[in-house]
Amino acid sequence: MARILVTGGAGYIGSHTVVELMQQGYEVLIVDNLSNSNIDVLDGIEQIVGRRPEFLNVDCCDYVQMDSVFIQHPDIVGVIHFAASKAVGESVQEPLKYYRNNILSLVTLLSLMNEHKVPNIVFSSSCTVYGQPDKEHLPVDETAPLKKALSPYGNTKKINEDIIFDQAHACPQLHATILRYFNPIGAHPSALIGELPNGVPNNLLPFVTQTAAGLRSELKIFGNDYNTPDGSCIRDYIYVVDLAKAHVKAIDRMLNVKDREQVEVFNLGTGRGLSVLEIVNTFMKVTGVNLPYTIVGRREGDIEQVWAEPHKANTVLGWKAETPVEEVLLSAWNWEKKLRNIN
Ligand code: UD1
């Protein structure tokens, strides 16, 4: 069976994707330097799948070590590149860390893929490349204009997309699928793997579940004076397991479908926008847990509203986000309870 190299495969989206790939019969090699993930995730994957993925503790920016990964695994037919630093605030404080990690790792991978004749890459991009789409581009599809990034993190996603297009232009044998994720949330239904935020979470869902678990005294909702029906920001929250399945579809397509563009871009979202208040209220309803919150001022750099037009992914990739948000929020809560030993 074909082997897929998954960089950042011990991370949040990476680990869920490894599970789906293995369950579809792919051999997986995880390369991860564990800078923002935990080796124990391999136990969770093994319990879910019944097999342990191969794992190497290697930094994707290390050309020599990555070269030996490719030399030792001549059966790699495709790469899914998750490995990256992803904290927006930190990227503003330490831009060079982000430009180094996120860009050098992709450049290293693409050079080695060229050298070792590995033709397929799936790249984790983000809806952050659209910034705040103009009204006529909501829901946002893949043809919407890209906007100047609001953070060095966002800029690395944009730059990496450009690097992929330039390299594909120069190397006709390279094929790429760029996946622009909206807001991934939730955890595997087994509660054996899930999100493990480092320190105080920046993202909404981990903050919600940690508050519900009593680790944080209250959730701060950043702004209720936006031009939205209830005044809070709107996002397209997508279940991480649905998102993981899209990666398997992308790999299947790259390996099996001849008639496709050399670089393809897909928005991965549900097509439905939910406000922060809707998430908070639905969370309380499905879990029965009270969630203390206060409304505070807007967070700098936040986008008012964005949600996906996923038609292209639905039709071309044959993939659809189908898990109801109630089930997704419950999966996030079950994972948090498991982490904190709450019954
Ligand atoms: C953020 C990043 C985005 C990145 C994505 C990865 C910013 C500006 N953008 O997206 O580039 O790709 O994470 O998942 O940071 N919220 C609260 N209280 C909180 C936390 C969040 O009200 O304690 C609100 C935010 O204002 C926002 C929504 O919840 O409206 C979602 O926030 P978050 O989970 O941080 O995601 P994004 O800001 O959409």
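Residues numbered from 1 in each chain as written. Predicted model: local features only at pLDDT ≥ 70, side-chain atom pairs only at ≥ 80, totals over all residues. Heavy atoms only, no water.

Describing the pairing of strand β5 (residues 120-126)
Note the following rule: Summary of the burial criterion: residues with accessible area below 20% of their type's maximum are buried, those above 50% are exposed, and those between are partly exposed, where the area comes from a 1.4 Å probe applied to protein chains only. The secondary structure listing takes helices from DSSP runs of H or I that are at least 4 residues long and strands from runs of E that are at least 2 residues long, numbered from the N terminus. The rule for pairing is simple: two strands pair if DSSP sees at least two bridges between them. Crossovers are described as right-handed under a simple rule: with the strands pointing away from the observer, the path leading from the first strand over the helix to the second runs clockwise.
Counting buried positions along β5 gives seven out of seven residues, so the element sits mostly inside the fold. Of the two faces of β5, the one lined by N120, V122, S124 and S126 and the one lined by I121, F123 and S125 are each fully buried. Taken together, the four bridges between strand β4 (residues 76-81) and β5 define a ladder with parallel strand orientation. Within β5, the position partnered with G78 by the bridge is N120. Alignment of β5 against strand β6 (residues 175-181), held across seven bridges, turns out to be parallel. Across the sheet, I121 pairs through a bridge with A176, a residue of β6. You can see the chain leave β5, run along helix α6 (residues 152-170) and come back into β6, and the turn it takes is right-handed.

Notes on the site of the ligand
Under the convention used in this document: Throughout, near means a residue has at least one heavy atom within 4 Å of the molecule or strand. Polar contact criterion, stated in full: a pair of N or O atoms within 3.5 Å, where within protein one must be able to donate a hydrogen and the other to accept it, and residues adjacent in sequence count only if both atoms are side-chain atoms. Boundaries of every domain are those given by an automatic assignment or by a domain database.
With respect to spatial proximity, 19 residues lie near the ligand, and among them L204, K220, R235, R299 and D302 are the closest. A distance of 3.5 Å is found between an oxygen atom of the ligand and a backbone nitrogen or oxygen belonging to N202. Top contributing element to the shell around the ligand by residue count: strand β8 (residues 219-222), with four residues. Looking at which domains feed residues into the shell around the ligand, each of domain 1 (3-186 + 237-268) and domain 2 (204-234 + 271-336) gives three or more.

Examining the environment of P74
Note that P74 resides in the loop between α3 (63-72) and β4. For the pair P74 and V41, spaced 33 residues apart in the sequence, the C-alpha separation amounts to 26 Å.

Details of the domain arrangement of the protein
Put simply, the rule reads: Buried area: the accessible area, evaluated with a 1.4 Å probe, that two parts lose upon being put together, summed over both parts. Definition used for salt bridges: Asp or Glu carboxyl oxygen within 4 Å of a side-chain nitrogen of Lys or Arg.
For the protein, the assigned domains are domain 1 (3-186 + 237-268) and domain 2 (204-234 + 271-336). Distance from the C-alpha centre of domain 1 to the C-alpha centre of domain 2: 24 Å. Taken together, the two surfaces of domain 1 and domain 2 that pack against each other cover about 2,500 Å², and 69% of this comes from carbon and sulfur. Scanning the region where domain 1 abuts domain 2 turns up zero salt bridges.

Description of the environment of R298
Where we set the bar: Any two residues whose heavy atoms approach within 4.5 Å are treated as being in contact.
You can see R298 is positioned in the loop between β13 (293-296) and α10 (311-317). Under the relative-accessibility criterion, R298 is labelled partly exposed at 47%. A sequence separation of twelve residues divides R298 from P310, and the C-alpha atoms of the two residues are 28 Å apart. Among all residues touching R298, those that are not within four sequence positions of it are F222, G223, D225 and Y226.

A short note on the sheet that holds strand β2 (residues 27-31)
Within a sheet, adjacent strands bond to each other through the backbone by hydrogen bonds, running parallel or antiparallel. Basically, it comes down to this: Only the stretch in contact is used when a helix axis is fitted, and all axes are lines through C-alpha atoms; the angle between N-to-C directions ranges over 0 to 180 degrees.
With parallel pairing, seven strands are arranged side by side in an open sheet as β3-β2-β1-β4-β5-β6-β11. Either end of the sheet is taken by a strand with one partner, and the two such strands are β3 (54-56) and β11 (263-268). For this sheet, the mean inter-axis angle between neighbouring strands, taken without regard to orientation, is 20 degrees. Packing of helix α1 (residues 12-23) onto the sheet brings it into contact with β1 (3-7), β2, β4 and β6, and relative to β2 it is tilted by some 165 degrees.

Observations concerning empty space enclosed by the protein
Basically, it comes down to this: Cavities and pockets were defined on a 1 Å grid built over protein atoms only: a cavity is a set of grid points that admits a 1.4 Å probe from which the probe cannot escape, a pocket is an open set flanked by protein on both sides within 12 Å along at least five of seven lines, and lining residues are those with an atom within 4 Å of any such point. Grid points are joined across faces, edges and corners, and a volume is the space filled by probe spheres set on the points.
Applying the stated criterion to the full structure yields two cavities of 30 Å³ or more. The computed volume of the largest cavity comes to approximately 100 Å³. Lining the largest cavity are 13 residues, and of these E195, P206, T209, A332 and W335 lie nearest its centre. Listing elements by their share of the lining of the largest cavity, those giving two or more residues are α7 (204-212) and α11 (325-340). Built from parts of two domains, the lining of the largest cavity gets at least three residues from each of domain 1 (3-186 + 237-268) and domain 2 (204-234 + 271-336). Its volume calculated, the second largest cavity comes out at about 30 Å³. In terms of lining residues, the second largest cavity is bounded by H81, F82, A83, A84, N102, F123, K157 and N160.

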